[in-house]
Amino acid sequence: MTTPPTLLPVSAPARQWRTPAAACTTVVLWASAFVSIRSAGEAYSPGALALGRLLAGTLVLGAILLVRREGLPGKGAWPGIVTSGLLWFGLYMVVLNWGEQEVDAGTAAMLVNIGPILIALLGARMLGEGLPRRLLAGMGVSFAGAVVVGFAMSGHGGSSVLGVALCLLAALAYAAGAVSQKPALAHGSSLQINTFGCLIGAVACLPFTGALVSEAADAPLSATLNMVYLGVFPTALAFTTWGYAMARTTAGRMGATTYAVPALVVGMAWVLLDEVPTSLGIVGGALCLAGVAVSRSRQQTGSTRGNPARPVEGSRHDPERQAERT
């Protein structure tokens, strides 16, 4: 009889790299969505674009869920799934697409980047997460960088009151949806939570079906392909890697990580759209990245180095490592 091969445990360094790798994947793909939305938004209305994106994301996530045979998440996950599905997958995507048609890109970037600050505040209030000084300092630096990037990206067009209100609503929906997803991840995998959240968002956007069908008939192939890309990568893949990382850190720290998006957008617009960044844009992007580095760092004090009772990152008492095992 052949002895079955022994599965070797994953080393600690490999485990420690999974969470930052997942967070980086999310940030890069969400940054790429900026370029795709600009292309697809020329042919599709806000609601139709959101519905097409969510349908593509649901099909991909649903297929992976069936192949992996993960089934349904636990009962405790459904309040968070429904809330994040309606607010983050549904409302956020529609009002953001709409808002970016009413204001210039720079104004939209500044307003939507209130979201990570709201995530930290809501996480402290609703989830009992703390507000470490490094997190607050890093978010302050990153937000200043986002404002600088916004000014650098701003065109000469005006910003309507409706557009400003829509972007603020998008930031609030993003923050509330992200925070509501955190408890759900204790009752199901990131794949499960995001599959059904995306499905709920798609169902909420079904009133835009007529617009999607009529606009798809006239839209150029490039716009439709960009819409599909938005569903497969910035939605299906990026939301799943977001959930994986979110389950292993705090909502505030994950929200602060997304401040790297404006910096990446500047670089991607340079490479893909031939939009040469201004000196102001480069400075703002550097501030965004510096703030993320500060907010993600762990404060090392004499008590934490010398007191074995305090959890040390990577140890068996570390909450992130315990979450990794589950």
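Rules used in this analysis
- Residues numbered from 1 in each chain as written.
- Predicted model: local features only at pLDDT ≥ 70, side-chain atom pairs only at ≥ 80, totals over all residues.
- Heavy atoms only, no water.
- Axes fitted to C-alpha atoms, helices over the stretch in contact; angles between N-to-C directions.
- Helix = DSSP H or I, 4+ residues; strand = E, 2+ residues; numbered from the N terminus.
- Parallel < 35°, antiparallel > 145°, perpendicular 65-115°, else oblique.
- Left-handed = near helix turned anticlockwise from the far one by under 90°.
- Contact = heavy atoms within 4.5 Å.
- Nonpolar A, V, L, I, M, F, W, Y, C, P; charged D, E, K, R; others polar.
- Salt bridge = Lys/Arg side-chain N within 4 Å of Asp/Glu carboxyl O.
- Buried < 20%, exposed > 50% of the residue type's maximum accessible area, 1.4 Å probe, protein only.
- Patch = residues over 30% accessible without salt bridge, like charges linked within 9 Å, V, L, I, M, F, W, Y side chains within 5 Å.
- Areas by Shrake-Rupley, 256 points an atom, 1.4 Å probe, with all protein chains shown as cover.

Caption draft 1: Region of interest: the packing of helix H2 (residues 46-68) against helix H3 (residues 78-102). Running from N to C, H2 and H3 point in directions that differ by 140°, and their axes come no closer than 8 Å. When the axis of H2 is compared with that of H3, the two are oblique. As H2 runs across H3, the sense of the crossing is right-handed. Of the residues in H3, those in contact with Pro46, Gly47, Leu49, Ala50, Arg53 and Leu54 of H2 are Phe89, Met93, Val94, Asn97, Trp98 and Gln101. For the contact of H2 with H3, a count of residues per class yields eight nonpolar, three polar and one charged.

Caption draft 2: Quick peek at the packing of helix H8 (residues 190-204) against helix H10 (residues 221-246). Direction vectors running N to C along H8 and H10 enclose 135°, while the axes themselves pass 8 Å from each other. When the interaxial angle is binned, H8 and H10 end up oblique. Considering the relative orientation of H8 and H10, their crossing is right-handed. Between H8, through Ser190, Leu191, Asn194 and Cys198, and H10, the contact on the second element is made entirely by Thr235, Phe239, Thr240, Gly243 and Tyr244. Across the contact of H8 with H10, the residue classes tally to four nonpolar, five polar and no charged.

Caption draft 3: Expanded view of the pattern of salt bridges. Enumeration over the complete set of coordinates arrives at one salt bridge. Between Arg68 and Glu70 there is a salt bridge, with the nearest N and O atoms lying 2.8 Å from each other. Relative accessible area serves as the criterion here: at 55%, Arg68 is assigned to the exposed category. With a relative accessible area of 23%, Glu70 lands in the partly exposed category.

Caption draft 4: Spatial organisation of a nonpolar patch on the surface. A surface patch of nonpolar side chains, amounting to about 220 Å² of accessible area, comprises Leu91, Leu169 and Leu172. Within the secondary structure layout, Leu172 lies in helix H7 (residues 161-184). Taking the relative accessible area as the measure of exposure, Leu172 reaches 45% and is therefore partly exposed.

Caption draft 5: Looking closely at the environment of Gly80. Tracing the sequence through the fold places Gly80 in helix H3. Among the residues examined, Gly80 registers a relative accessible area of 9% and is labelled buried. With 105 residues separating them along the chain, Gly80 and Leu185 place their C-alpha atoms 8.5 Å apart. Apart from the residues lying within four places of it in its own chain, the contact partners of Gly80 are Ser180 and Ala184.

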